[in-house]
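So the chains spell out like this:
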Amino acid sequence: MYCELAEIDPPVPGTLEVQTAPWLEVRQVISRAVVERLQVEVRLDPGESEAIALALELNADLLLIDERRGREEANRLGIRITGLLGILVEAKQKKLIVAVKPLMDALIATSDFRVSSALYNQILDIVDIKIVDKRAFGTFLLAQYDKSLQRRNYDIRLRCQGY
């Protein structure tokens, strides 16, 4: 999982922090068979497969995972999970961050992070912010998704042209 974030080019928000965090410990999975089973049978990506396998090996209290199939498999295996939005909610509740909404909006606008309008509103309800105009919010999400697709297509074109 570390490699998926730390070795991405161009870097994404959080890459530098992951590479330099003194509290972050990179651990290798011992049971490669579990990783391979998760990749083949459940069709999970290497990062999600390794994260779940390591959570099992360490008997982890909590696994941070956002990918839907990975979350389903972790639940099936009895691993307690949270996602990035859950971390943001907890950080807000502990007063480690001032607001959740601008961070969610930035994730949607600048990365491949996808969130349904129902979940978006649920998170805002949890942290006590109400979206009044749902139609405007839907338009906002579509515009952000369109920007993300345009940025991705531009990056692909540049890579294909050798830049």
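From a predicted model like this one, the values you see are computed outputs, not experimental measurements.

Asks: Talk me through the overall build of the chain; I want residue IDs and the actual numbers.
Replies: Scanning the chain from N- to C-terminus turns up nine helices and two strands. The order of α-helices and β-strands along the chain, N terminus first, is α-α-α-α-β-α-β-α-α-α-α. In the chain, which comprises 163 residues, the proportion classed as buried is 28%. Partitioning the intrachain contacts of the chain with sequence separation of at least 6 by distance along the chain shows that 38% fall at a separation of at least 24.

Asks: Residue-level account of the pattern of salt bridges, with values.
Replies: The final tally for this structure, using the stated rule, is eight salt bridges. Where Glu25 meets Arg27, a salt bridge forms, and the shortest distance between an N and an O atom there is 3.7 Å. Taking the relative accessible area as the measure of exposure, Glu25 reaches 56% and is therefore exposed. The exposure class assigned to Arg27 is partly exposed, which follows from its relative accessible area of 42%. A salt bridge links Arg32 to Glu50; the nearest nitrogen and oxygen atoms lie 3.2 Å apart. With Arg32 in helix 3 (residues 32-41) and Glu50 in helix 4 (residues 46-58), this pair connects stretches of sequence that are 18 residues apart. For Arg32, a relative accessible area of 37% corresponds to the partly exposed category. For Glu50, a relative accessible area of 23% gives the class partly exposed.

Asks: Got a sec to walk through the nonpolar core? Specific residues and values, please.
Replies: Leu85, Leu88, Val89, Val100, Met104, Ile108, Phe113, Val115, Tyr120, Ile123, Leu124 and Val127 together form the largest nonpolar core, which totals twelve residues. Of all elements in the fold, only helix 6 (84-93), helix 7 (101-110) and helix 8 (117-126) reach the threshold of two or more residues within this core. Non-local contacts of Val100, meaning those with residues more than four positions away in its chain, are made with Leu88, Val89, Lys92, Ile123 and Val127.

Asks: Please set out the confidence of the model for the chain residue by residue, giving values where relevant.
Replies: Per-residue pLDDT for the chain has a mean of 78; in total, 70% of the residues score no lower than 70. Mean pLDDT values for the elements of the chain range from 53 in helix 9 (residues 134-160) up to 95 in helix 3. Of the regions scoring below 50 in pLDDT, residues 151-163 engages in five contacts with residues more than four places distant in sequence or in other chains.

Asks: Before we move on, can you summarise helix 6 with the specific residues and values?
Replies: Residues three or four positions apart in an α-helix share a direction because the helix packs 3.6 residues into each turn. All buried positions along helix 6 are accounted for by Leu85, Leu88, Val89 and Ala91. Considered in projection along helix 6, the buried side chains sweep an arc of 165° and stay on one side of the axis. Lining the buried residues of helix 6 we find helix 7 and helix 8. Note on helix 6: the residue one or two positions beyond its end, Lys95, has a positive phi of about 60°.

Asks: So what's going on with the packing of helix 6 against helix 7? Residues and values would help.
Replies: Contact geometry of helix 6 with helix 7 gives a least axis separation of 10 Å together with a crossing angle of 160°. Between helix 6 and helix 7, the interaxial angle falls into the category roughly antiparallel. In the packing of helix 6 onto helix 7, the handedness of the crossing is right-handed. The segment helix 6 lies against helix 7, with Leu84, Leu85 and Leu88 engaging Leu103, Met104 and Leu107. Residue composition of the contact of helix 6 with helix 7, grouped by class: six nonpolar, no polar and no charged.

Asks: Which residues make up the side chain of Glu73, and what are the values?
Replies: Looking at where Glu73 falls in the secondary structure, it is placed in helix 5 (residues 68-76). A distance of 3.3 Å separates a polar atom in the side chain of Glu73 from a polar atom in the side chain of Arg37. Look past the residues within four positions of Glu73 in its chain and what remains in contact with it is Arg37, Leu38, Val42, Leu44 and Ile52.

About the cut-offs
Residues numbered from 1 in each chain as written. Predicted model: local features only at pLDDT ≥ 70, side-chain atom pairs only at ≥ 80, totals over all residues. Heavy atoms only, no water. Helix = DSSP H or I, 4+ residues; strand = E, 2+ residues; numbered from the N terminus. Buried < 20%, exposed > 50% of the residue type's maximum accessible area, 1.4 Å probe, protein only. Contact = heavy atoms within 4.5 Å. Salt bridge = Lys/Arg side-chain N within 4 Å of Asp/Glu carboxyl O. Core = buried A, V, L, I, M, F, W, Y, C linked by side-chain atoms within 4.5 Å. pLDDT = per-residue confidence, 0-100. Arc of directions from axis to C-beta. Axes fitted to C-alpha atoms, helices over the stretch in contact; angles between N-to-C directions. Parallel < 35°, antiparallel > 145°, perpendicular 65-115°, else oblique. Left-handed = near helix turned anticlockwise from the far one by under 90°. Nonpolar A, V, L, I, M, F, W, Y, C, P; charged D, E, K, R; others polar. Polar contact = N/O pair within 3.5 Å; in protein donor to acceptor, adjacent residues only side chain to side chain.

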